[in-house]
Amino acid sequence: MKVAVFSAKPYDREYLDAANVAEGHQLKYFDDLLEMESAGLAAGYYAVCIFVNDTADAAVLDALKRGGTNLVALRCTGFNNVDLKAAERLGMKVVRVVSYSPNSVAEHAVALLLAINRKIHRAYNRTRDFNFSLDGLMGFDFCGKTVAVVGTGKIGCVFARIMLGFGCNVVGYDAFPTPEFEALGARYALPGEIGASADIISLHCPLTPQTRHIINADTLRRTKRGALLVNTSRGGLIDTEAAIEALKSGQLGGLALDVYEQEADIFFRDLSSTIITDDVLQRLVSFPNVIVTGHQAFFTHEAMTTICQTTLRSVTACESGKPLTNEIKA
Ligand code: NAD
């Protein structure tokens, strides 16, 4: 099948090409983000393969359909960037990678958490300058602290298991609680209790209209003073300006982000020689107790291998009329 691959970075090409040896599709790589201006590039391609910051809203899907596209293959888990109702109306199939390596994202969340708590980013810079002072580097033991997991699905459960290994009390909140989370030795709690008791909050729920700005001025006011907040899910879960106010007042003790609300025009590219016009991001990275990584939580060899194999197997299944086990419907 002819597949137009958008937002294709060198590592995407490497892993998709490796996975395609077994599938034999015609892959055409485009550096461009999928958006209205670039949708025409997919004319004549039955499938498009897209990533987290590509746009597949109703207008873009309409344009793709006119060009002959009938399959949208997301090479990621989240699908907040696709208008599923519009896809259904147009008779287009949408597939995603339901599960690859939840370990990759959960482990990155833990890496961020350890770094922000023990000030590893600051220590790294200091010792490169032969500054071995410890002033300002104090952290706290994880053992015995309360960790809140918001969204106790695949990634949230792996994260909970790791934090239980540190000796933490793990409490969870989920719109659809599962026995698997409790079987780990964690327990569910109401949002009010989570806010009041958690020393650490980690976000692992999808971005939906219900979860947009789930962390906002009100919820931040009700969190335990000095709590650490980690977001490896989607930027829109946090009202970033409210988080900045909470950092300024000391209500938030630290913030570690792998995702950012306005990341679409910024992440996955080298902007080190340009002037960043996003003042909110500028403000965020200026705090000593904020760490930002550029949506790299998924970025392990194991995850990339599975993502690319699963994506191209879905394309093969669609081509041969087999059931689409990874299809998402409105
Ligand atoms: P999952 O579907 O297994 O788990 C998500 C959980 O969130 C589910 O248990 C679901 O019930 C819960 N949820 C849904 N609506 C909720 C609500 N309103 N309030 C509380 N909980 C709610 O998904 P997963 O594989 O664990 O992935 C979680 C998220 O991680 C994805 O949606 C994606 O946005 C993000 N992600 C980020 C990266 C990265 O590289 N940073 C990579 C993969 C996934």
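A quick note: this is a predicted structure, and the numbers were derived from the prediction, not measured. (Residues numbered from 1 in each chain as written. Predicted model: local features only at pLDDT ≥ 70, side-chain atom pairs only at ≥ 80, totals over all residues. Heavy atoms only, no water.)

Some words on the sheet that holds strand 2 (residues 26-29)
Working step 1: The strand order 2-1-3-4-5 describes an open sheet built from five strands, whose pairing is parallel. This sheet does not close on itself; its edge strands, each paired only once, are strand 2 and strand 5 (93-95). Neighbour-to-neighbour, the strand axes of the sheet open up by a mean angle of 20°, direction not taken into account.
Working step 2: The strands that helix 1 (residues 10-20) touches are strand 1 (2-5) and strand 2; relative to strand 2, the one it contacts most, it runs at about 175°. (Pairing = 2+ DSSP bridges. Helix = DSSP H or I, 4+ residues; strand = E, 2+ residues; numbered from the N terminus. Axes fitted to C-alpha atoms, helices over the stretch in contact; angles between N-to-C directions. Contact = heavy atoms within 4.5 Å.)

Points about the layout of surface pockets
Working step 1: Roughly 1,100 Å³ of internal volume is contained in the largest pocket.
Working step 2: What lines the largest pocket is a set of 44 residues, and nearest its centre among them are H204, C205, P206, L207 and S233.
Working step 3: At three residues, helix 6 (residues 154-165) tops the list of elements feeding residues into the lining of the largest pocket.
Working step 4: Tallied by class, the residues present in the lining of the largest pocket amount to 23 nonpolar, 16 polar and five charged.
Working step 5: Per-domain counts for the lining of the largest pocket show at least three residues from each of domain 1 (2-100 + 300-320) and domain 2 (102-292).
Working step 6: Reported here for the second largest pocket is a volume of approximately 360 Å³. (1 Å grid on protein atoms, 1.4 Å probe; cavity = no way out; pocket = protein on both sides within 12 Å on 5 of 7 lines; lining within 4 Å. Points joined across faces, edges and corners; volume = space filled by probe spheres on them. Nonpolar A, V, L, I, M, F, W, Y, C, P; charged D, E, K, R; others polar. Domains from an automatic or database assignment.)

Let's talk about a negative patch on the surface
Working step 1: The grouping of D32, E35, E37 and D265 at the surface amounts to a negative patch.
Working step 2: The residue E35 is located in the loop between strand 2 and strand 3 (47-50) in this model. (Patch = residues over 30% accessible without salt bridge, like charges linked within 9 Å, V, L, I, M, F, W, Y side chains within 5 Å. Areas by Shrake-Rupley, 256 points an atom, 1.4 Å probe, with all protein chains shown as cover. Salt bridge = Lys/Arg side-chain N within 4 Å of Asp/Glu carboxyl O. Lys, Arg positive; Asp, Glu negative; His and termini not counted. Charge placed at Lys NZ, Arg CZ, Asp CG, Glu CD.)

Observations regarding the site of the ligand
Working step 1: In the vicinity of the ligand, 23 residues are found, and the nearest of them are Y100, K154, I155, D174 and T232.
Working step 2: Within the contact set of the ligand, a nitrogen atom lies 2.9 Å away from a backbone nitrogen or oxygen of T232.
Working step 3: A distance of 3.1 Å separates an oxygen atom of the ligand from a polar backbone atom of F298.
Working step 4: When atoms are counted within 2 Å of each cavity's grid points, the one that captures over half of the ligand is the largest pocket. (Near = heavy atom within 4 Å. Polar contact = N/O pair within 3.5 Å; in protein donor to acceptor, adjacent residues only side chain to side chain. Sits in = over half its atoms within 2 Å of the grid points.)

Side note on helix 1
Working step 1: Where helix 1 is concerned, the buried positions are D12, Y15, L16, A19 and N20. Axial view of helix 1: buried residues confined to an arc of 135°, hence all on one face. Away from the buried face of helix 1 by more than 90 degrees, exposed residues P10, E14 and A18 are located. (Buried < 20%, exposed > 50% of the residue type's maximum accessible area, 1.4 Å probe, protein only. Arc of directions from axis to C-beta.)

What about the pattern of salt bridges?
Working step 1: Here the structure, examined in full by the defined rule, presents 10 salt bridges.
Working step 2: In this structure, the salt-bridge partner of D199 is K224, at a minimum N-O distance of 2.9 Å. Of the two residues, D199 sits in the loop between helix 8 (191-197) and strand 9 (200-203) while K224 sits in the loop between helix 9 (217-221) and strand 10 (227-231), which places them 25 residues apart along the sequence.
Working step 3: Here R221 ties to D218 by a salt bridge, and the two come within 3.5 Å at their closest N and O atoms. In this pair, R221 and D218 both sit in helix 9, three residues apart, roughly one turn of the helix.
Working step 4: On the basis of relative accessibility, which here comes to 58%, the residue R221 falls in the exposed class.

Let's talk about the domain arrangement of the protein
Working step 1: The domain boundaries assigned to the protein delineate domain 1 (2-100 + 300-320) and domain 2 (102-292).
Working step 2: A C-alpha centroid distance of 30 Å is found between domain 1 and domain 2.
Working step 3: With 13 residues of domain 1 at the contact, the number on the domain 2 side is 11 residues.
Working step 4: Ranking the residues of domain 1 by area buried against domain 2 places N53, N80 and Y100 at the top, with a combined share of 42%.
Working step 5: Remark: the boundary between domain 1 and domain 2 carries zero salt bridges.
Working step 6: Linking domain 1 with domain 2 are three residue pairs in polar contact (both at pLDDT 80 or more), by the criterion used here.
Working step 7: Split into classes, the residues belonging to the side of domain 1 that touches domain 2 amount to seven nonpolar, five polar and one charged. (Buried area = accessible area lost by both parts, 1.4 Å probe.)

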